[in-house]
Each structure stands twice: as C-alpha cells, then as structure tokens.
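Summary of structural features
This is what each chain is made of:
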Amino acid sequence: MVEKELTPPTFLLQAEVLESRLPETHVKMTEIRSKIRIFKSGYNGEKTLKYYLEQIPDHKYHIFHGLRLPIGNTFFQIDALLLSQKFILILDAKNHSGTLRFEKNQLIHEYGGNREVYENPIAQINRHKISLRYLFEKYKISQIPIENLVSVCKPSTEILISPGYKEAEQKVIKAYNLLTKVDELEEKYSENRITKNTLKQMIKLLLEQHTPQKIDILNYFQIKGEELIPGVQCPRCLYIPMDYKRACWICPKCLLFSKDAFLNGINHYFLLIKPSFNNPEIRKFLLMPSSRTITSNLPKLNLPYTGTKRGRIYHQPKDFL
C-alpha cells in the first residue's frame, strides 16, 4: 500500500518555472538548466524505483516515496521506504549513466570522458538508518530491523566495486534486481517483530514528520523579482504574456484561446514569489487589466483566504491548481 505518493521535487518545479520566466540570454540560465538536469535525473531514478515497487503485492508493504524527516536541527531525505511488521527497507536511487566505481571513502562517476567524485552513497544510507532509529527512539516506538540498499536505476550503467568491499557487494544492486533482493530479505526476516498497532504508529509518525523542503528560489539563484517576465503563459507554446480580451486569454504567437490559462500563473506565483497574495500582487504578476478581472476569477478557485474585501489575502492550497 502506498502511504506517500511520489511527487516531483519542489525545487525542480520551481527551477522549471523560473527558466520559463527569464529571458533566454539571462546570465543565470546555464546554472538554472544545470540544476534542472540534475534534479530531473534524480526524479527519473525515483520513478524507476516506483515502477518496480508497484510490482510488489499491495498488502505486503507500506511504501513511502520522498520522505524528508527531521533529525536535530536538520533533515534527512529517503528516496523510498518499505515498512512491514517484519523489517524496514531504505532505498536510495542512483540514476547515473556510464560507470560507477564504489570505493569505501567515495563514489567515482565516469561518463563521456568526465570524472566526478561524490560521497559514497552507502555512507549516506547508513546515516539514514541511524537517523530513522533515533526518530523512533525519540517517540518511544519499538524498533525493528532496518535494511538499506543503493539502487542503480539505468540498466546500462556499469558498476565497479573495489576488491574486498563486501558491504558494497551486498548493498549495491541494479533496480531490476530489487524484487529479488526483497524476496531475500523476506526469507531473512520471516517473523513479525512489531504489532499492528505499532505499525500504525510508525505510519502515522512518518507522515506527520514529513516536512517538504521550502526554498526561496529567487534568493537561491540571486535573481530579483523584477527580472521575471510577468503575465499569463500560453499553455500550448509557453509564450508570455497572453492578451486578455472579453474574459478570455489569447496567445499572440499561436492564437490559442483559453479561459483558465491564468491558473498556471497562480501556481507560478506560489512557486517563485511566496505562498500568499492579495489582489494587487497577483494582478501585477499576471498583468491583469483590472482588479475586477481578479475578483471575478478567484472565487471560482476556492482558494483558502484570510481577511475581507480589500484586505483579503489568498493562500496556497495543499495541492497545486
């Protein structure tokens, strides 16, 4: 049973929207696109994990995608977690192409003549295991065995492990072997270690403690709000801004007509600026012709709000529009 669905990283959504609202020649465009490629690759790896996890019978595990949990004054993030009465499995997805060389103190990635050195992901998943134990201890929840694996998601990626590095031989797998590895763990842990009530406590705790990351994307890339291209974006050709005529948005480039193209513009505001707005703020961002245009469209969206009349402030809903 999937307890927490896989969703795109908020940073990826923010960076993609930022890319679309900056001039092509902007000085930060190369850096933004580089970050988009990195996060998109990671997200694609998590989607590969999801594909194989969906093949496990639904009743066997409670599955969480993209958990971000507190530890002290910081957080740790788990790509995928499987929970049962017998054991917990932490999964980390690696979606690199080329060759991955696992050494005790580092991971070496070689691709297209380039060579990059990273932290050994086994060290990372071992920290996640300890942090998860600390979290359960903090809330006085019974412990069960915790296993962890690094899943290399691209079938064509070559895996090289330093001679004698037994832990890597056991914990680094190809994603297509994930179900086989889960079967091995089921044989290893054949007995229930916790009650159903404790299992429910764990599920509730993980969902309550999950804390989505919030990033001030403009500050991250050192970009000022006035550098953004304002207006409603065409949902077909992505041109900005569309023209507003007779209660309809019209794209001057591809001539698309739309009555709700402004919805994505509101999402863009939430992702780039802040999680709330008043009438003048969203009007300026979307180049609305009048405050009446805003007041006639916003009530249809049922956005949560505080205040009344001119003092009304609309807030970001749990899910995007």
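Worth saying up front: this structure is predicted, and the values here are computed from it rather than measured. (Residues numbered from 1 in each chain as written. Predicted model: local features only at pLDDT ≥ 70, side-chain atom pairs only at ≥ 80, totals over all residues. Heavy atoms only, no water.)

Okay, helix 5 (residues 178-188) next. Residues of helix 5 that are buried include every one of Leu178, Lys181, Val182, Leu185 and Glu186, and no others. Buried positions in helix 5, seen along its axis, are confined to an arc of 145° and lie on one side of it. Each element contacted by the buried residues of helix 5 is listed here: helix 2 (29-53), strand 3 (74-83), strand 4 (88-94), strand 8 (146-152), helix 4 (166-171) and strand 10 (172-174). (Buried < 20%, exposed > 50% of the residue type's maximum accessible area, 1.4 Å probe, protein only. Helix = DSSP H or I, 4+ residues; strand = E, 2+ residues; numbered from the N terminus. Arc of directions from axis to C-beta. Contact = heavy atoms within 4.5 Å.)

Spatially, three strands are ordered 14-16-15 in an open sheet, and the strand pairing comes out antiparallel. Each of the sheet's edge strands pairs with one partner strand only, and the pair in question is strand 14 (276-277) and strand 15 (305-306). Bridge analysis of strand 14 against strand 16 (residues 313-315) gives two bridges, and the strand direction is antiparallel. Each residue of the ladder has a partner; that of Phe277, found in strand 16, is Tyr314. (Pairing = 2+ DSSP bridges.)

Turning next to helix 8 (residues 262-272). Each α-helix winds once per 3.6 residues, and so residues spaced three or four apart point in a common direction. Among the 11 residues in helix 8, nine count as buried, and that is most of the element. Of the positions making up helix 8, those classed as buried are Phe262, Gly265, Ile266, Asn267, His268, Tyr269, Phe270, Leu271 and Leu272.

Right, let's get into the pairing of strand 4. By the criterion of burial, strand 4 is predominantly enclosed, with seven of the seven residues buried. Burial of the side chains of strand 4 extends over both faces: Ile88, Ile90, Asp92 and Lys94 are buried on one face and Leu89, Leu91 and Ala93 on the other. Taken together, the four bridges between strand 3 and strand 4 define a ladder with antiparallel strand orientation. Among the inter-strand pairings, Leu83 is bridged to a residue of strand 4, identified as Ile88. The hairpin formed by strand 3 and strand 4 contains four residues between the paired strands. With seven bridges joining them, strand 4 and strand 8 adopt parallel strand pairing. The partner of Leu91 across the bridge, within strand 8, is Leu149.

This part is about the packing of helix 8 against helix 9 (residues 279-286). In the contact formed by helix 8 and helix 9, the axes pass within 10 Å of each other and the chain directions differ by 110°. Comparing the axis directions of helix 8 and helix 9 gives the class roughly perpendicular. Crossing geometry of helix 8 relative to helix 9 is assigned as right-handed. Between helix 8 and helix 9, the contacting residues are Phe262, Gly265, Ile266, His268 and Tyr269 on the first element and Glu281, Ile282, Phe285 and Leu286 on the second. (Axes fitted to C-alpha atoms, helices over the stretch in contact; angles between N-to-C directions. Parallel < 35°, antiparallel > 145°, perpendicular 65-115°, else oblique. Left-handed = near helix turned anticlockwise from the far one by under 90°.)

If you walk across this open sheet you meet the four strands as 7-6-5-9, and the pairing is mixed. At either end of the open sheet lies a strand with only one pairing partner, and these are strand 7 (114-118) and strand 9 (158-161). If you compare each strand with its neighbour and ignore which way they point, the axes differ by 20° on average. Of the strand pairs in this sheet, strand 6 (residues 106-111) and strand 7 are connected by five bridges, and their pairing is antiparallel.

These figures come from the coordinates and say nothing about function on their own.
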